[in-house]
Amino acid sequence: MSGLFEGVLRAFDERRRAEVVAAYMAVEHAAEPVAEVRFAALREPALRRAVEEMLALNGRTLIRSEQTRWISGYRDEVAKALAEDPACVPGVRERAVLTLVLIHSVAIPRAAGLLADDSWLSPHPTPLDELRRRTQLPVTELEASLRRLRLAGLVAQVKAGPDDAGGFVPGAQFHRLTDAARRRLQEELILAAGPDSPLAAAIRARRRGRGEST
């Protein structure tokens, strides 16, 4: 383990150090949130703080999922800085395709009461045919964008049933959103899906009041 973490780990004996490192590696590299029952360093507050300190040294933070599961993600200030770097942001085509997936797999099912308000993972795939109808991208560019989004973990391709072609849903990276990032994404989706709605107008007004970009 990197000397970067020595200041955090030196307070623990060998067994505790191993437990903290194991939990750190799990939350950083698992595709899905990990159950705290599997890791003492996620169950015990003192050890969990050590994991949080290690993550903070890399601009990361610990995110709770479903009360007893954990995963890591970028701290809000780090995510904001990365979002301002064009090299760290998906291209325009990928962002457009991802927005369509979020609208059809999350926003519409949520409006129908099929998803919890804070959920960005969905069992309701957006069919490829729907994406083709809703975008002006040529099929080859659409499929290329979907491949890049899949590689980035931003979408996943699933089957809805044995006789269903399935489609695309938000990917595992959506587990890694902080509470603030989830709220921001919720607002962005409202602005994209209903830019002329009263709710969108309220979001823009609130952001202007805080001096934020809209």
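Residues numbered from 1 in each chain as written. Predicted model: local features only at pLDDT ≥ 70, side-chain atom pairs only at ≥ 80, totals over all residues. Heavy atoms only, no water.

Visitor: Help me understand the overall build of the protein, please; the structure alone is not making it clear to me.
Guide: What the protein contains, in helices and strands, is 10 helices and 5 strands. Structurally, the protein occupies a C-alpha span of about 60 × 50 × 35 Å along its principal axes. Taken across its 214 residues, the protein has 39% of its residues classed as buried. When contacts within the protein are restricted to residue pairs at least 6 apart in sequence, long-range pairs at least 24 apart make up 48% of them. Carbon and sulfur atoms make up 52% of the accessible area of the protein, which totals about 12300 Å². Here the protein carries 32 positive and 29 negative side-chain charges, and the mean point of each set is 2 Å from the other. (Helix = DSSP H or I, 4+ residues; strand = E, 2+ residues; numbered from the N terminus. Buried < 20%, exposed > 50% of the residue type's maximum accessible area, 1.4 Å probe, protein only. Contact = heavy atoms within 4.5 Å. Areas by Shrake-Rupley, 256 points an atom, 1.4 Å probe, with all protein chains shown as cover. Lys, Arg positive; Asp, Glu negative; His and termini not counted. Charge placed at Lys NZ, Arg CZ, Asp CG, Glu CD.)

Visitor: So what exactly am I meant to see when it comes to unusual backbone geometry here?
Guide: Note on backbone geometry: most residues besides glycine have negative phi, and most peptide bonds are trans. Non-glycine residue E66 carries a positive phi angle of around 55°. Even without a glycine there, the phi angle at Q67 is positive, about 70°. In this fold, Q67 is placed in the loop between β2 (60–65) and β3 (69–74). For Q67, a relative accessible area of 58% corresponds to the exposed category.

Visitor: Any chance you could explain the nonpolar core here in plain terms?
Guide: A general feature of soluble globular proteins is that nonpolar side chains tend to end up buried together. Core analysis: the biggest nonpolar cluster contains 21 residues, and V20, V27, V34, L42, V51, M54 and L62 have the highest contact counts within it. Of all elements in the fold, only α1 (6–9), α2 (14–29), α3 (40–43) and α4 (45–56) reach the threshold of two or more residues within this core. At 6 residues, the largest contribution of residues to this core is made by α2. If you look at the next biggest cluster of nonpolar residues, it comprises 20 residues, including L98, V101, L115 and L177. (Core = buried A, V, L, I, M, F, W, Y, C linked by side-chain atoms within 4.5 Å.)

Visitor: For this particular structure, what's the right way to read the packing of aromatic side chains?
Guide: Aromatic ring pairs are defined here through the distance separating the ring centres and the angle between the ring planes. In this structure the tally under the stated criterion is 1 aromatic pair. Here the basic side chain of R60 rests over the ring of Y74, its NZ or CZ set 4.4 Å away from the ring centre. (Phe/Tyr/Trp six-rings, centres within 6.5 Å; stacked < 30°, edge-to-face > 60°. Lys NZ or Arg CZ within 6 Å of the ring centre and 35° of its normal.)

Visitor: Is there a simple way to think about the pattern of salt bridges in this case?
Guide: When their charged atoms lie close together, side chains carrying opposite charge are able to pair. The full count for this structure, using the stated rule, is 17 salt bridges. The partner of E44 in a salt bridge is R16, with the nearest N and O atoms 3.2 Å apart. Pair noted here: E44 is in the loop between α3 and α4 and R16 is in helix α2, with a separation of 28 residues, a long-range link. Residue classification places E44 among the partly exposed positions, given a relative accessible area of 28%. (Salt bridge = Lys/Arg side-chain N within 4 Å of Asp/Glu carboxyl O.)

Visitor: Explain the pairing of β2 here, please?
Guide: Looking along a regular strand, one sees the side chains alternate between the two faces of the sheet. As judged from the 6 bridges shared by β2 and β3, these two strands associate in the antiparallel manner. Bridge pairing in β3 places I63 opposite I71. Taken together, β2 and the strand that follows it, β3, pair antiparallel across an intervening segment of 3 residues, in which E66 is found at a positive phi of about 55°. (Pairing = 2+ DSSP bridges.)

Visitor: What exactly am I supposed to notice about the UniProt feature "domain: DprA winged helix" (unreviewed entry) in the protein here?
Guide: Mapped onto this numbering, the UniProt entry annotates "domain: DprA winged helix" (unreviewed entry) at residues 121–159. Within the segment residues 121–159, helix and strand shares are 51% and 10% respectively, and the terminal C-alpha atoms sit 15 Å apart. (UniProt positions renumbered as here; feature names shortened; annotations may be inferred.)

Visitor: What should I look at first to understand the domain arrangement of the protein in this one?
Guide: Size of an interface, as often reported, equals the accessible area lost when the parts are brought together. Partitioning the protein into domains gives domain 1 (3–80) and domain 2 (92–176). For domain 1 and domain 2, the distance between their C-alpha centroids amounts to 30 Å. (Domains from an automatic or database assignment.)

Visitor: How should I be thinking about the pairing of β3 in this particular structure?
Guide: For strand β1 (residues 34–35) and β3, the ladder comprises 2 bridges, and the chain directions are antiparallel. Along β3, the bridge assignment pairs A35 with R69.

Visitor: Would you explain a negative patch on the surface in this entry?
Guide: A surface patch of like charges, here negative, comprises D76, D117, D118 and D179. Mapping D76 onto the fold places it in helix α5 (residues 76–83). (Patch = residues over 30% accessible without salt bridge, like charges linked within 9 Å, V, L, I, M, F, W, Y side chains within 5 Å.)

Visitor: How do you make sense of helix α10 (residues 198–209) when you look at a structure like this?
Guide: Within an α-helix, residues lying three or four positions from one another point in the same direction, as the helix has 3.6 residues per turn. Under the 1.5 Å per step criterion, the end-to-end length of α10 is 16 Å for 12 residues, consistent within 8% with the ideal 16 Å. Of the residues making up α10, those classed as buried are A200, I203 and R207. The arc enclosing the buried residues of α10, seen along the axis, measures out at 60°, which places them on a common side. Relative to its buried face, α10 has exposed residues pointing more than 90 degrees away, namely P198, R208 and G209. At its buried positions, α10 is contacted by α9 (179–193). At the C-terminal side of α10, G211 shows a positive phi close to 75°. (Expected span 1.5 Å × (residues − 1). Arc of directions from axis to C-beta.)

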